[in-house]
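Examining the three-dimensional arrangement
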Amino acid sequence: MEPTRQANGAPPPAEPASELLPSGGAPAPTPRRRALTQRPLFWVALVALIALAVPLFVGRAVRGHAAEAPAVRIPLPAFALTDQRGQRFGLEQLRGRVWIANFIFTTCPTVCPKLTQRMKEIEQQGRDLGDALHLVTFTVDPENDTPEVLAAYAASQKLPLERWTFLTGPLDQIESTILKGFKIAMGKQETSPGIFSIFHGERLVLVDQEGVIRGYYEANDEGIPAILRDAGALVKQR
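Every value quoted in this text rests on a predicted model; they were computed, and no experiment measured them.

1. Concerning the pairing of strand E5 (residues 133-139)
Most of E5 sits inside the fold, with seven of its seven residues counted as buried. Of the two faces of E5, the one lined by Leu133, Leu135, Thr137 and Thr139 and the one lined by His134, Val136 and Phe138 are each fully buried. Here seven bridges tie strand E4 (residues 98-104) to E5, and the two strands are oriented parallel to one another. When the sheet's bridge partners are listed, Ala101 is paired in E5 with Val136. Read from E4 through helix H4 (residues 111-125) to E5, the crossover connection turns out right-handed. Looking at chain direction, E5 and strand E6 (residues 164-168) are connected through four bridges and run parallel. When the bridges of E6 are listed, Val136 appears paired with Thr165. Since E5 and E6 lie parallel, the crossover through helix H5 (residues 147-156) that links them has a hand, and here it is right-handed.

See the structure below:
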C-alpha cells in the first residue's frame, strides 16, 4: 500500500529508526550494525567463535552422559578357596580384573538356575570387555558341591570357564567369605525334623580391580544393564 502523502504531495517524514519495530518485535538494525555485518572480517570472526564453542558444548554434553564408576566402596577381605579344577583360587588371582560374584548351590531347583542364566547373560553381553571382566560363582553348599561337581555343573550349562570360575572350600571358609566378606546371607534352616533347606542371598556383587566391593545388584532386567554399565566404567578407569 502506498504511504499517505501530505497536501504538498511529499511523503510524511520518516519516524526515528529507534521507534520502528519489525513484525517480530526485534529492533531494526542500525546503520552502524548494517555496516559491521557487511564486512567480511565480521563473518570470519563469527565462524571462528562458533567453531571454538561447539566442541566445548559437545564435550560437556558427552561428559554429562558418560557412565561414572559406582560410589560404593567396601574392601573385601582376602580369601583363598578351591576352583572347579581343584586348584587354589582367591582374591590374589582376581587382582587387576573387575569381577562379578553370585552365590548358588548346584542342587537348587528354584532360584539358582535363574541366577546362573542371568550370569550367562552378563558373560555374553560383557564380552566386549574381554579378559578385564571375570565372573565368579561361590557355592553355599560346599559339603556337596565339590570341585568335580562344580565342573560337571559348568559343563552341563555350557559355561565358558576361561572367563568364569566356580569356587568351593571348607564350610567355615565359605561362610567367612560370604557372610563376613560379601555381607551376603547364607545358611541352613530345619524345615522339618532332620530335614534342612539351604538359603542364601540372591544379589550380584560387583568388585573392582583392587578387591573392593563397588555395588550390589538385583538379578533382573534392571539390575543386569546396571551392573554391566558400572563394570564397564570401572574397566575404563584403568
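Moving on from the coordinates now.
2. A short note on H5
Residues of H5 that are buried: Pro147, Leu150, Tyr153 and Ala154. End-on, the buried residues of H5 take up no more than an arc of 125°, which puts them together on one face. What points out from H5, more than 90 degrees from its buried face, is the exposed set Glu148 and Ala155. Two residues or fewer after H5 comes Lys158, characterised by a positive phi angle close to 55°.

3. Points about the nonpolar core
The biggest cluster of nonpolar side chains holds 50 residues, and the ones touching the most others in it are Phe79, Trp99, Ile100, Phe103, Ile122, Phe138 and Phe182. Looking at this core element by element, the count peaks at seven residues for helix H7 (residues 223-237). Apart from the residues lying within four places of it in its own chain, the contact partners of Ile100 are Met119, Ile122, Leu133, His134, Leu135, Val136, Leu204, Val205, Leu206 and Ile227.

4. As for H4
Along its 15 residues, H4 runs 21 Å from first to last C-alpha, staying within 8% of the 21 Å computed at 1.5 Å per residue. Restricting attention to buried positions, one finds in H4 the residues Val111, Cys112, Leu115, Thr116, Arg118, Met119, Lys120, Glu121, Ile122 and Glu123.

5. Focus: the packing of aromatic side chains
One pass over the full model with this rule turns up eight aromatic pairs. Between Phe79 and Phe138, the aromatic rings sit 5.6 Å apart at their centres with planes inclined by 65°, giving edge-to-face as the arrangement. Of this pair, Phe79 sits in the loop between strand E1 (74-75) and strand E2 (80-83) while Phe138 sits in strand E5, placing them 59 residues apart in sequence. By the burial criterion, Phe79 is buried, and Phe138 matches it. A connected cluster of aromatic rings, assembled from ring pairs, spans Phe79, Trp99, Phe103, Phe138 and Phe182.

6. As for the sheet that holds strand E10 (residues 212-217)
With mixed pairing, the eight strands of this open sheet are ordered in space as E1-E10-E9-E4-E5-E6-E2-E3. The open sheet terminates on both sides in strands that have one partner only, identified here as E1 and strand E3 (88-90). Of the strand pairs in this sheet, E1 and E10 are connected by two bridges, and their pairing is antiparallel. Bridging across to E10, Ile74 finds its partner in Ile213. Its contacts with the sheet place H4 against E4, E5, E6 and strand E9 (204-207), and it is angled at close to 165° to E4. Contacts from H5 reach E2, E4, E5 and E6, with the element oriented near 150° to E6.

7. Looking at the packing of H4 against H7
Where H4 contacts H7, the two axes come as close as 10 Å, and the packing angle between them is 40°. The orientation of H4 with respect to H7, classified from their angle, is oblique. Here H4 runs over H7; the crossing is right-handed. Seen from H4, the contacting residues are Arg118, Glu121, Ile122 and Gln125; seen from H7, they are Ile224, Ile227 and Leu228. When the residues that make up the contact of H4 with H7 are grouped by side-chain class, the tally is four nonpolar, one polar and two charged.

8. Looking at the side chain of Asp83
For Asp83, the position within the fold is in strand E2. Within polar-contact distance, the side chain of Asp83 engages the side chain of Arg85 at 2.7 Å. In this structure Asp83 touches Phe89, Pro147, Thr165, Phe166 and Leu167, once residues within four positions along its chain are discounted.

Cut-off values and rules
- Residues numbered from 1 in each chain as written.
- Predicted model: local features only at pLDDT ≥ 70, side-chain atom pairs only at ≥ 80, totals over all residues.
- Heavy atoms only, no water.
- Buried < 20%, exposed > 50% of the residue type's maximum accessible area, 1.4 Å probe, protein only.
- Helix = DSSP H or I, 4+ residues; strand = E, 2+ residues; numbered from the N terminus.
- Pairing = 2+ DSSP bridges.
- Right-handed = clockwise from strand over helix to strand, strands pointing away.
- Arc of directions from axis to C-beta.
- Core = buried A, V, L, I, M, F, W, Y, C linked by side-chain atoms within 4.5 Å.
- Contact = heavy atoms within 4.5 Å.
- Expected span 1.5 Å × (residues − 1).
- Phe/Tyr/Trp six-rings, centres within 6.5 Å; stacked < 30°, edge-to-face > 60°.
- Axes fitted to C-alpha atoms, helices over the stretch in contact; angles between N-to-C directions.
- Parallel < 35°, antiparallel > 145°, perpendicular 65-115°, else oblique.
- Left-handed = near helix turned anticlockwise from the far one by under 90°.
- Nonpolar A, V, L, I, M, F, W, Y, C, P; charged D, E, K, R; others polar.
- Polar contact = N/O pair within 3.5 Å; in protein donor to acceptor, adjacent residues only side chain to side chain.

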